[in-house]
Amino acid sequence: MKILGISAHYHDSAAALVVDGVPVCAVQEERLSRRKNDASFPAGAAEWCLDHAGLDSGDLDAVVFYERSMLKFERILTCALRAFPRSWRSFPTAIKNTLGEKVWVRGIISSQLGVPREKIFFTDHHASHAAAAFLASPSRRAAILTADGVGEWATLTSGQGARRPGGATEIALPRELRFPHSLGMLYSTFTAFLGFAVNEDEYKVMGLAAYGRPTMLDRMQKVLRRTPDGAFALAPDYFEFQTTASRSYSSKFIDLFGPPRDPYDPIDLESADGRRFADCAASLQRVLEDVLVDIARALHREIGLPDLCFGGGVALNGVANARLLAESGFERVFVPPAPGDAGCALGAALYADRIYFGNPDRDCPDHPFWGPSVDGADLAKAAREDGQPVEELDDGALIERVADELAAGRIVGWMEGACEFGPRALGHRSIFAAPHARETRDRLNRHIKYREEFRPFAPIVPIDAADRYFDLPPGGARLGRFMSGVFPVRPEWRSRLAAITHVDGSARVQALERGMAPRVHALLEAYGRRTGVPVLLNTSFNVAGEPIVTRALEGYSTFRRCGIDVLVAGPTLVMKRAVAPAAASKEDVAWLSEGVAESGGA
Ligand SMILES: [Fe+2]
């Protein structure tokens, strides 16, 4: 069976194709449209998936949308009615902002893709998250936990799944927490309060938390109350997201936590306000972790299996994931590379295949590389046309050369193979740099990523060497496979790995298995032979405000606009023309005076 999964119309839309029970390809719309967090119908992504597999939309057996739009409509309508008459002004905006064309999804899919309406199916939003987490994991039986902002009504679900090789699949999520009681909405509310972009900058809140202390737990208890069943309830007085799309927190929230941060004001951690914001983030982070650990612990007691599959946008919180592993009783925690809504495209397709159509279980390849491939020849052509020197090297020579450049302190844009599905660069669309000096981090922040200085960079390390530098608990390497856990850098290495060590001594480690990205693994080893430390700084290949690069041309354009020194795509290497500083200044002066002379003579 050929099944196309679609997620769209909230943020970060995507398409994924499953053929005969196995993922074939998947891509977020933003990677093709070049609009960050593109939420529009993923026509480009769907078309690319079909092209990539050599299919026509007429070949599809089913198209599956990742949630039930009518239920979502019902939630928004119900919430608006409950808040009436307070909500009557904001209701049309809420409908427009939140729903847009969502209600009419079947018609949109049918007309956009040319698929008959009877081939279009819908899954529950959290069933899609659960399927993305469980069916793509190597685990055969596992507890399942999902948590996000909101789907139709559910914001958190728990249960279990079972896969029988070649046989039937079961996913049961008997427990759910419903809107407005939502960990994702709580986190997003603070994201807005702290002056960051909602649904995009939540990870900045996590980064900021490390600079603060959880001094506001008593206040947090007022907005989030623990319930006797081990879950929680949000106190509605402090929030407005349930009734309006224009503001997520209420005046009472401001009375409790103080004035919100102006997004244009930099965070000054020396000031009282800066410390208040950092303490807010730390308190929020602590509460999120505590609630998740308690819920997971209860799930472990109930289900008694060693594996937990965790999905939904909240599973992007690597600090919380590490605590789940350490404290919930589960021996392994599986987080997919795309736990958020984009990953639901793949989850919905897999769910339909196994559950709706009852197709036999198949193992899914355990990697994140499902998107368009990069072509070194495209890079060579673009660079030559631009007058830049191009080198084409065989694999061994290329890796040694790049390791030399990294060891010399140069920053490398590295593109190879298919791009990652999900928000993280895991070695195919990465910027690599030496991890040792804090100056490298500052240089990346100022000249390449153009971003806040409190945000840490992540390390990548061969899985076998990870323990030497990072304090990974049992099961930690699995979380590190897709960079889903934050773990301590071993104290003796912190000063020597200063560019990737966060202020609290932690790092979001990617523990790389050779088979997942062999050339990157070889590069780490080559770098290790030169420096004694097979660790690199690994950050996504993009500048602030842009999606991660997909094709060679986007990589080249980014390379030309920022401080990356070396660009690699497949076998092709391009190096920015290096000019010795002294000679450069002389030449500049000579060129300038010629220019002055010419203009003076004209
Ligand atoms: Fe979601």
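Note that the structure is predicted; figures quoted are calculated from it, not measured. (Residues numbered from 1 in each chain as written. Predicted model: local features only at pLDDT ≥ 70, side-chain atom pairs only at ≥ 80, totals over all residues. Heavy atoms only, no water.)

The subject of this paragraph is the overall build of the chain. Scanning the chain from N- to C-terminus turns up 21 helices and 24 strands. Residue burial in the chain is summarised as follows: out of 602 residues, 58% are buried. Intrachain contacts of the chain at a sequence separation of at least 6 include 71% that bridge at least 24 residues. When the accessible surface of the chain is summed, it comes to about 23,500 Å², and 52% of that surface belongs to carbon and sulfur atoms. (Helix = DSSP H or I, 4+ residues; strand = E, 2+ residues; numbered from the N terminus. Buried < 20%, exposed > 50% of the residue type's maximum accessible area, 1.4 Å probe, protein only. Contact = heavy atoms within 4.5 Å. Areas by Shrake-Rupley, 256 points an atom, 1.4 Å probe, with all protein chains shown as cover.)

What follows deals with the side chain of Ser248. Mapped onto the elements, Ser248 comes out in the loop between β10 (232–234) and α10 (251–257). Note on Ser248: relative accessible area 16%, which makes it buried. For Ser248, the residues in contact, after removing those within four places along its chain, are Thr189, Ala192, Phe239, Glu240 and Phe241.

To continue, consider the nonpolar core. Counting 106 residues, the largest nonpolar core has Phe257, Phe310 and Phe470 as the members making the most contacts within it. Top contributing element to this core by residue count: helix α11 (residues 272–303), with 15 residues. Residues contacting Phe470, with those up to four places away along its chain left out, are Pro459, Val461, Pro488, Val489, Arg490, Leu497, Ile500, Ala507, Val509 and Val535. Counting 56 residues, the second-largest nonpolar core is a separate cluster that includes Val27, Ala46, Ala62 and Phe421. (Core = buried A, V, L, I, M, F, W, Y, C linked by side-chain atoms within 4.5 Å.)

Okay, the confidence of the model for the chain next. Considering every residue of the chain, the mean pLDDT works out to 90; 90% of them sit at 70 or more. Under a pLDDT of 50 for its full length, residues 579–602 has, in the predicted model, two contacts with residues more than four places off or in other chains. (pLDDT = per-residue confidence, 0-100.)

Bringing the coordination of the iron ion into the picture now. Summarising the metal site, the iron ion is bound by the protein donors His125 (NE2), His129 (NE2), Asp148 (OD) and Asp341 (OD), whose distances to it range over 2.1 to 2.2 Å. Spacing between the donor residues of the iron ion along their common chain follows H-x3-H-x18-D-x192-D. Taken together, the positions of His129 in helix α6 (residues 125–134) and Asp341 in the loop between β12 (332–334) and α13 (343–356) put the pair 212 residues apart, joining distant regions of the chain. For the pair His129 and Asp341, one class covers both residues: buried. (Donors = N, O, S within 2.8 Å, 3.2 Å for Na, K, Ca; no water.)

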